[in-house]
Amino acid sequence: MTDAVAERYHRFAHEEAPGRSAVYVEWATGVAADAEVQAVLEQLTPQQRQPPLVFAVSRLLGAPVGGYRPWREFVLAHAGELVTHCARRGVQINEPLRLAALLPALSLVEGPIALLELGAAAGLCLYPDRFSFRIDGADGIPRRRLDPPGGPSPVLLRSTVSGELPELRVPEVIWRAGIDLDPIDVRTPADRAWLESLIWPGEHERSERIAAAMRVVAADPPLLRAGDAIEQLETMAAAAPAEATLVVTTPGMLVYLPRPRRAELVDRIRALDGHWITIDPPALHDAWRPAVDPAAFRGFAVALDGRVVADADPLGRWWEWRAGIGTDPA
């Protein structure tokens, strides 16, 4: 078991955290070589001891953000509390920048739209009509900017696009709702503190973006339902206004489901009278229509009703128009 913890944190330190958080690189490197801290984390399931979750919970509990040794001392002194909190929480990557990657798919749906997100957390990805988008070329030169009808938004989502730029537009959203096992209410200080702790140290631009998005959401909260997405899906979909086109989104949430439940959820979404937009690792499931070759992607696949329209960074920092990348299954 200890080897599994060490290997997971070593991989995080060398493959996931570099370039995003020097603090998390140092912490993960320390854990990978620290049997005493590993023993604490062994009390958790593999999902509960994911580095981003453990680090976020430790910071929420008051761990100092700095070198590994002070963090280690805090963890060992608060081991029981850390384990208890990690066991009842999950990673909630509520990154509004993901909407930049979803925009090519959203632009293909005729409005008005009723937007239902599964795994919504605080619902920051339910406001594509309230945020501004800036699309830069690979050379850094701006290629396109889209603003809400009322003018520029305090939330600016910047992404880089290579190759062809498709027709894009800000969608008209008249109803927004989400389902999450543990919804976050950004109007409450405790929930805001949790969402802020999920931002990695050093991600200053992301911190500013999420803070601005939280203000937008707090001013006009979405309908958020606590519960299992499979169990709540039909009920929530039925609540959407009849005059709107239902769009169900699953940005980054399917990876957390066991494969049988993942397939069941996709089947249930497809049975609805509406559209499905997702961004997933291309090898995660077999729901692409037509099938795709995972080797053809450098990021995640963005799809509308299973048909891939873009190859994208999972957090929306870049995307590439890839409509037609699929190949008919043999």
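For the structure, see preceding data.
Residues numbered from 1 in each chain as written. Predicted model: local features only at pLDDT ≥ 70, side-chain atom pairs only at ≥ 80, totals over all residues. Heavy atoms only, no water.

Asker: It is not clear to me how the packing of aromatic side chains should be interpreted in this structure. Could you clarify?
Answerer: When we look at a pair of aromatic rings, we describe it by the centre distance and by the angle of the planes. Within this structure, the stated rule accounts for twelve aromatic pairs. Ring geometry for Tyr 24 and Trp 200: centres 5.5 Å apart, planes at 50°, overall tilted. Separated by 176 residues along the polypeptide, Tyr 24 in helix H2 (residues 22–32) and Trp 200 in the loop between helix H8 (189–197) and helix H9 (204–219) bring together distant segments of the chain. According to the relative accessible area criterion, Tyr 24 is buried, its value standing at 0%. Lying over the aromatic face of Phe 297, Arg 322 brings its terminal NZ or CZ to 5.7 Å of the ring centre. (Phe/Tyr/Trp six-rings, centres within 6.5 Å; stacked < 30°, edge-to-face > 60°. Helix = DSSP H or I, 4+ residues; strand = E, 2+ residues; numbered from the N terminus. Buried < 20%, exposed > 50% of the residue type's maximum accessible area, 1.4 Å probe, protein only. Lys NZ or Arg CZ within 6 Å of the ring centre and 35° of its normal.)

Asker: Would you take a moment to explain the sheet that holds strand S6 (residues 223–226) for this structure?
Answerer: Two strands in a sheet stick together by hydrogen bonds in their backbones, pointing the same way (parallel) or opposite ways (antiparallel). Taken in spatial order, the eleven strands line up as S3-S2-S4-S11-S10-S9-S8-S7-S1-S5-S6 in an open sheet, and their pairing is mixed. The open sheet has two free edges, formed respectively by strand S3 (142–146) and S6, since each of these has just one partner strand. Across the sheet, the mean angle separating the axes of adjacent strands is 25° when strand polarity is ignored. Taken together, the three bridges between strand S10 (residues 307–312) and strand S11 (residues 318–321) define a ladder with antiparallel strand orientation. (Pairing = 2+ DSSP bridges. Axes fitted to C-alpha atoms, helices over the stretch in contact; angles between N-to-C directions.)

Asker: What should I look at first to understand H2 in this one?
Answerer: Given 3.6 residues to a turn, an α-helix orients residues that are three or four positions apart in the same direction. All of the buried residues along H2 are Val 23, Tyr 24, Trp 27, Ala 28, Gly 30 and Val 31. Along the long axis of H2, the arc covered by the buried residues comes to 160°, so they all point the same way. (Arc of directions from axis to C-beta.)

Asker: Honestly, the side chain of Asn 94 in this entry has me stumped. Any pointers?
Answerer: One can find Asn 94 in the loop between helix H6 (79–87) and helix H7 (98–106). Accessibility expressed as a relative area gives 3% for Asn 94, which makes it buried. Of note is the side chain of Asn 94, whose polar atom sits 3.3 Å from the backbone nitrogen of Gly 123. (Polar contact = N/O pair within 3.5 Å; in protein donor to acceptor, adjacent residues only side chain to side chain.)

Asker: Before we go on, may I ask you to explain the nonpolar core in this structure?
Answerer: Proteins that are soluble and globular tend to have nonpolar side chains buried together. One finds Phe 55, Trp 71, Leu 195 and Val 302 to be the most contacted residues of the largest nonpolar core, which totals 78 residues. It is H7 that provides the largest number of residues to this core, a total of seven residues. One finds Ala 114, Ile 179, Leu 254 and Leu 265 within the second-largest nonpolar core, a separate group that totals 25 residues. (Core = buried A, V, L, I, M, F, W, Y, C linked by side-chain atoms within 4.5 Å.)

Asker: I keep staring at helix H5 (residues 68–77) and nothing clicks. Help me out?
Answerer: For H5, every residue scored as buried is listed here: Tyr 68, Trp 71, Arg 72, Phe 74 and Val 75. The buried residues of H5 occupy an angular sector of 160° when projected down its axis, which confines them to one face. For H5, exposure combined with an orientation more than 90 degrees from the buried face picks out Arg 69 and Ala 77. Buried residues belonging to H5 abut H2, helix H3 (35–41), helix H4 (51–60) and H6. (Contact = heavy atoms within 4.5 Å.)

Asker: Before we go on, may I ask you to explain the pattern of salt bridges in this structure?
Answerer: Between side chains of opposite charge, a pair can form as their charged atoms come close. Here the structure, examined in full by the defined rule, presents 22 salt bridges. Its salt-bridge partner being Asp 129, residue Arg 176 comes within 2.8 Å of it at the nearest N-O pair. Here the residue Arg 176 occupies a position in strand S5 (residues 173–180), and Asp 129 occupies one in the loop between strand S1 (113–118) and strand S2 (132–136), the gap between them amounting to 47 residues. Both residues of the pair, Arg 176 and Asp 129, belong to the buried class. For Asp 311, the salt bridge is made with Arg 322, and the minimal N-O distance between the two is 3.0 Å. One end of the pair, Asp 311, is in strand S10; the other, Arg 322, is in the segment after S11, and eleven residues separate them in sequence. We note that Asp 311, like Arg 322, is buried. (Salt bridge = Lys/Arg side-chain N within 4 Å of Asp/Glu carboxyl O.)

Asker: It is not clear to me how the packing of helix H10 (residues 229–238) against helix H11 (residues 259–270) should be interpreted in this structure. Could you clarify?
Answerer: If you want to describe how two helices pack, look at the angle between their axes and the distance between the axes. Direction vectors running N to C along H10 and H11 enclose 5°, while the axes themselves pass 10 Å from each other. Looking at the two axes, H10 sits roughly parallel to H11. Here H10 contributes Ala 229, Ile 230, Leu 233 and Glu 234 to the contact with H11, which in turn contributes Arg 261, Glu 264, Leu 265, Arg 268 and Ile 269. A per-class count over the contact of H10 with H11 returns five nonpolar, no polar and four charged. (Parallel < 35°, antiparallel > 145°, perpendicular 65-115°, else oblique. Nonpolar A, V, L, I, M, F, W, Y, C, P; charged D, E, K, R; others polar.)

Asker: How should I be thinking about the pairing of S3 in this particular structure?
Answerer: Within a regular strand, the side chains alternate between the two sheet faces. Across four bridges, S2 lies against S3 in antiparallel orientation. The residue of S3 that forms the bridge with Phe 133 is Leu 146. Taking the residues between adjacent antiparallel strands as the criterion, S2 and S3 are bridged by five residues, where Gly 140 takes a positive phi near 85°.

Asker: Explain the environment of Trp 321 to me, please; I cannot follow it from the model alone.
Answerer: With respect to the helices, strands and loops of the structure, Trp 321 is situated in strand S11. Taking the C-alpha atoms as reference points, Trp 321 and Ala 310, eleven residues apart in sequence, are found 4.5 Å from one another. In this structure Trp 321 touches Pro 104, Leu 108, Glu 164, Pro 166, Val 309 and Ala 310, once residues within four positions along its chain are discounted.

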